[in-house]
Amino acid sequence: MPLKKLLGSKAMRSMTVVSVLSEARKAFGRGNRTRGIALLFVAVLAWKWTVAGLAAQGLLKLVRGGGSSPSDSSPA
C-alpha cells in the first residue's frame, strides 16, 4: 500500500517529530507546561507511529480553533 509506505518512511517520521517538537516549544513558550510535556510524549510516539503525531496535531488545531493565531507567526 503506497500510503502505508509513505507514512512509514524515515523522512515522514522525522518531519512529523520535528513538527510536534515545534508545537511543544510553542506550548512551553506560552507557559502551557502540561501541553508541552504531552507533546514531547507524542513526539516520542510519533517516531514509531507517524499517525499518532499527525492525529495529535490535528486535534491541537481543532482545540485551538483551526487557523494560526498571531502569536504563532512571531519569530523564535
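Residues numbered from 1 in each chain as written. Predicted model: local features only at pLDDT ≥ 70, side-chain atom pairs only at ≥ 80, totals over all residues. Heavy atoms only, no water.

S.K.: Give me the overall build of the chain: which residues, what numbers.
M.R.: A count of helical and extended segments in the chain gives four helices and zero strands. When its helices and strands are written in sequence order, the chain yields α-α-α-α. For the chain, the share of sequence-separated contacts (at least 6 apart) that also reach a separation of at least 24 residues comes to 56%. Summed over its atoms, the accessible surface of the chain is roughly 5,400 Å², and 69% of this surface lies on carbon and sulfur atoms. (Helix = DSSP H or I, 4+ residues; strand = E, 2+ residues; numbered from the N terminus. Contact = heavy atoms within 4.5 Å. Areas by Shrake-Rupley, 256 points an atom, 1.4 Å probe, with all protein chains shown as cover.)

S.K.: Explain helix 3 (residues 33-48) to me, using residue names and the numbers behind them.
M.R.: Helical geometry note: an α-helix holds 3.6 residues per turn, so side chains three or four residues apart project in the same direction. Taking 1.5 Å as the rise per residue, helix 3 with 16 residues should run 22 Å; its terminal C-alpha atoms sit 24 Å apart, in good agreement. Within helix 3, burial applies to Gly36, Leu39, Val42, Ala43 and Ala46. The arc that holds the buried residues of helix 3, viewed along the axis, is 115 degrees, so those residues lie on one side. Turned more than 90 degrees off the buried face of helix 3, the exposed positions are Arg33, Thr34, Phe41, Val44 and Lys48. (Expected span 1.5 Å × (residues − 1). Buried < 20%, exposed > 50% of the residue type's maximum accessible area, 1.4 Å probe, protein only. Arc of directions from axis to C-beta.)

In short, geometric facts, not functional conclusions.
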